[in-house]
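# Notes for the structure review
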Amino acid sequence: MWLVFESFVCVCLWGCAQSPLSLRTAALPVSQIEVQGPAAEWRAINRLSYGPTPTLLADIKSNAHPKDWALNLLDAARKASLEAPKLPLDLASINDSLPLIFDGARNEREARAAVPAGTRLNELVANERRFNFQEQSEALFYNRTQVNKAIAWRLASCSSDDVEQPLLARMTEFWFNHFNVYQQKGSVRPFTGHYAIHVARAHALGKFEDLVLASAKHPAMLYYLDQWLSVSPQAGRAGQSSRGLNENYARELMELHTLGVHGGYTQEDVRELARVLTGWTVAPRSQDGFQFVMRLHESGNKTIMGQSIPSSAQFMGVKEGEQAIRFLANHPATAQRISLRLAEYFVADLPPQALVDRMAKTFLATGGDIYQVMKVMLNNAAFWDPENKLYRTPYDFACASLRVLNVAQDRTKWLQAFGYSFVAGQGIQNWQTPDGYAFNANTWFTPEALTRRIDFALTIARNAPERSDLYPYLSDTTTKAVMKQPPLQRMGFVLGSSELVFK
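In short, a report on the structure.

The rules we used
- Sequence order as written defines the numbering, with residues in each chain counted from 1.
- The model is predicted, so local features are restricted to residues of pLDDT at least 70 and side-chain atom pairs to those at 80 or more, both for listing and for counting; the totals for chains, interfaces and linings are taken over all residues.
- The side-chain values count all of the structure's non-hydrogen atoms but skip hydrogen atoms and water molecules.
- Only DSSP runs of H or I reaching four residues or more are called helices, and only runs of E reaching two or more are called strands; each is numbered from the N terminus.
- Restricting the calculation to C-alpha atoms gives the radius of gyration, and the globule rule supplies 2.2 Å times the number of residues raised to the power 0.38.
- Partly exposed residues are those whose accessible area sits between 20% and 50% of the maximum for their type, while under 20% is buried and over 50% is exposed, using a 1.4 Å probe and protein chains only.
- Contact criterion: two residues are considered in contact whenever any of their non-hydrogen atoms come within 4.5 Å of each other.
- Stacked, edge-to-face and tilted are the three classes for Phe, Tyr and Trp ring pairs, Trp counted by its six-membered ring, which pair at centre distances within 6.5 Å; planes under 30 degrees apart are stacked, over 60 edge-to-face, the rest tilted.
- For a ring to carry a charge above it, either NZ of a lysine or CZ of an arginine must fall within 6 Å of the ring centroid while also lying within 35 degrees of the normal to the ring plane.
- Nonpolar cores are built from buried Ala, Val, Leu, Ile, Met, Phe, Trp, Tyr and Cys residues. Side-chain atoms within 4.5 Å join them into one set.
- A side-chain nitrogen of Lys or Arg and a carboxyl oxygen of Asp or Glu constitute a salt bridge if their distance falls within 4 Å.
- The term disulfide is used for any two cysteine sulfur atoms that are within 2.5 Å.
- Note on definitions: angles span 0 to 180 degrees between N-to-C directions of axes, and those axes are lines fitted to C-alpha atoms, for helices only across the stretch in contact.
- Should an angle fall under 35 degrees it is taken as roughly parallel, and over 145 as roughly antiparallel, whereas 65 to 115 is taken as roughly perpendicular and any remaining angle as oblique.
- Classes in brief: Ala, Val, Leu, Ile, Met, Phe, Trp, Tyr, Cys and Pro nonpolar; Asp, Glu, Lys and Arg charged; the others, Gly included, polar.

## Considerations on the overall build of the protein
Looking only at helices and strands, one finds 26 helices and 4 strands in the protein. In terms of C-alpha radius of gyration, the protein reaches 24 Å, essentially the compact-globule figure of 23 Å for 503 residues. With the C-alpha coordinates aligned to their principal axes, the bounding extent of the protein is approximately 80 × 60 × 35 Å. Here the protein, with 503 residues, has 59% of them falling under the buried criterion. Contacts spanning at least 24 positions in sequence make up 73% of the contacts within the protein whose residues lie at least 6 apart.

Quick look at the structure:
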């Protein structure tokens, strides 16, 4: 095993040496970029999905033009985002109505309150049968079971095209991360799966302002950044509440979700936005989980970055917040920030500014139409430029492993993928702060991380059947190293090759 490990390290390190990090990002004319052949096919399939399943690889090979295939995949992703998700039956409760999810959380609180004092609960019971949801879960562990089901859905959707359209799975990860919520915060826990489906997935390729509004009004976000507690100081003086103004959500809405830290706003703008959003809170009996409570709202005129809110009497109340969010969502600084983040996720750690500018121009011209922005990116030479490399994050690599090994239905493999992603530092939906996980190589490409990745690849691929359809996409050096191994060890070496570690 040590000899296998040592030779595996050599293959990986050779690949890394041949794959410099994506710091060189020259914007080349389309005529100078080859957008046909195996290299372009491999690039498209690994960036627009989590990796080559046999079916998806056959599909792109049957198409003479990888760019056309990519644009068709984008169309299919937009269509799928408007349809209900294809959830495995035992995961369906994450997509229950919000009143039912509120009921489940309340039932857990009541069940725990009824436990006799001094009784020790086995808090690990839900995790001991993680990803096995055939048995009815106890009310005591409703929240934990909902978390586990949400994680299971993310693994199912990234690994199986029968569960989720492949590009939509990637877009869902991107937007969940951009509008991050932390699933271990008590009140957030039962809602993370619903949030991923109805916020990140449903609006993945629609108008950006609709995505921001959906996030702002969802119980997961309202609870996560404590917006549900933010009320006007006027309400406290009236004896109705003493909670006061909370600026958490307003700050992250500006700094992370829209404008960016250099977007031109001030601390006073944050405070004004927080005043605008007072009264936005949860509604356990409402189908959308949201309500606006006028008595908790701070009345009067506010000014955000020179914009008067409300702009007129007809925009008072809840419409003040909607007006402010639409203003921020369509701001030029937001167009730049969102375009840059999409290009960093799909093109390079440091994408060409010319590409970002073109995407931002389309963002502003189309009212923040994410589909149109993505279309510009896929038609740009920078997306296809082989010099623009990306390093897979732990979650990305875990999903790619499930796809390459064609084990999307094997939940024991899900468990291995989940465990690797967690110990490698990217637990699924488990980042505590609002900024979400980083995607760049500087964060994830370290000797320790590479060793852990090698160990995972050898373990999950043990005794896996060979996939000869992958060999035409591997370099001669990688192919020679792989073919020196016994057949049942070769897929571990394929996973550790530069062609799979990078994308």
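## Some points on the packing of aromatic side chains
Enumeration over the complete set of coordinates arrives at 28 aromatic pairs. Their ring planes at 80 degrees and their centres at 5.7 Å tell us that Phe176 and Tyr195 sit as a pair that is edge-to-face. Residue Phe176 is located in helix α8 (residues 166-178), and its partner Tyr195 is located in helix α9 (residues 192-201); the two are separated by 19 residues in the primary sequence. Across this residue pair, the class does not change: Phe176 and Tyr195 are buried. Arg453 extends its terminal NZ or CZ atom over the ring of Phe397, reaching a point 4.7 Å from the ring centre. The ring centre of Tyr345 lies 5.9 Å from the NZ or CZ of Lys503, which sits over that ring.

## Observations regarding the environment of Asn430
Relative to the elements of secondary structure, Asn430 occurs in the loop between α21 (411-423) and α22 (441-444). Here Asn430 falls in the buried class, since its relative accessible area comes to 19%. A sequence separation of 249 residues divides Asn430 from Val181, and the C-alpha atoms of the two residues are 8.2 Å apart. When neighbours within four sequence positions are excluded, Asn430 is seen to be in contact with Tyr182, Gln183, Gln184, Phe422 and Tyr437.

## Focus on the side chain of Glu320
Here Glu320 is to be found in helix α15 (residues 318-329). Taking relative accessible area as the criterion, Glu320 reaches 2% and is therefore assigned buried. Filtering out sequence-adjacent residues up to four positions away, Glu320 remains in contact with Val276, His297, Lys302, Ile309, Pro310 and Phe315.

## Brief notes about the environment of Leu296
The residue Leu296 is located in the loop between β2 (290-292) and β3 (302-304) in this model. Between the C-alpha atoms of Leu296 and Val276, which are 20 residues apart in sequence, the distance is 11 Å.

## Describing the nonpolar core
Of all hydrophobic cores here, the largest spans 150 residues; its most connected members are Leu155, Met171, Trp175, Phe208, Leu342 and Phe346. Among the elements that take part in this core, helix α7 (residues 142-159) stands out by supplying 8 residues, more than any other. Those residues in contact with Leu155 that lie beyond four places of it in its chain are Phe131, Tyr395, Leu402, Trp414, Ala417, Phe418 and Ile428.

## Some thoughts on the pattern of salt bridges
Inspection of the entire model under this criterion finds 22 salt bridges. Linking Lys79 and Glu83 is a salt bridge whose minimum nitrogen-to-oxygen distance equals 2.8 Å. Taking relative accessible area as the criterion, Lys79 reaches 54% and is therefore assigned exposed. The residue Arg452 makes a salt bridge to Glu448 at a minimum N-O spacing of 3.2 Å. With Arg452 and Glu448 both in helix α23 (residues 447-460) and 4 residues apart, the pair spans about one turn of that helix. Since its relative accessible area comes to 54%, Glu448 is described here as exposed.

## Remarks on the state of the cysteines
Scanning the model with the defined rule gives 1 disulfide in all. The disulfide bridge from Cys158 ends at Cys399, spanning 2.2 Å between sulfur atoms. Negative torsions about the S-S bond denote left-handed disulfides, and the value of about -90 degrees found for Cys158 with Cys399 makes this one left-handed. Of the two residues, Cys158 is situated in helix α7 and Cys399 in helix α20 (residues 394-404); the sequence distance between them amounts to 241 residues. No difference in accessibility class separates Cys158 from Cys399, as the two residues are buried.

## Quick notes on the packing of helix α5 (residues 98-113) against α7
Contact geometry of α5 with α7 gives a least axis separation of 8 Å together with a crossing angle of 135 degrees. It follows from the interaxial angle that α5 and α7 lie oblique. Only Tyr142, Asn143 and Gln146 of α7 make contact with α5, whose side of the interface consists of Leu100, Ile101, Gly104, Ala105 and Glu108. A per-class count over the contact of α5 with α7 returns 4 nonpolar, 3 polar and 1 charged.

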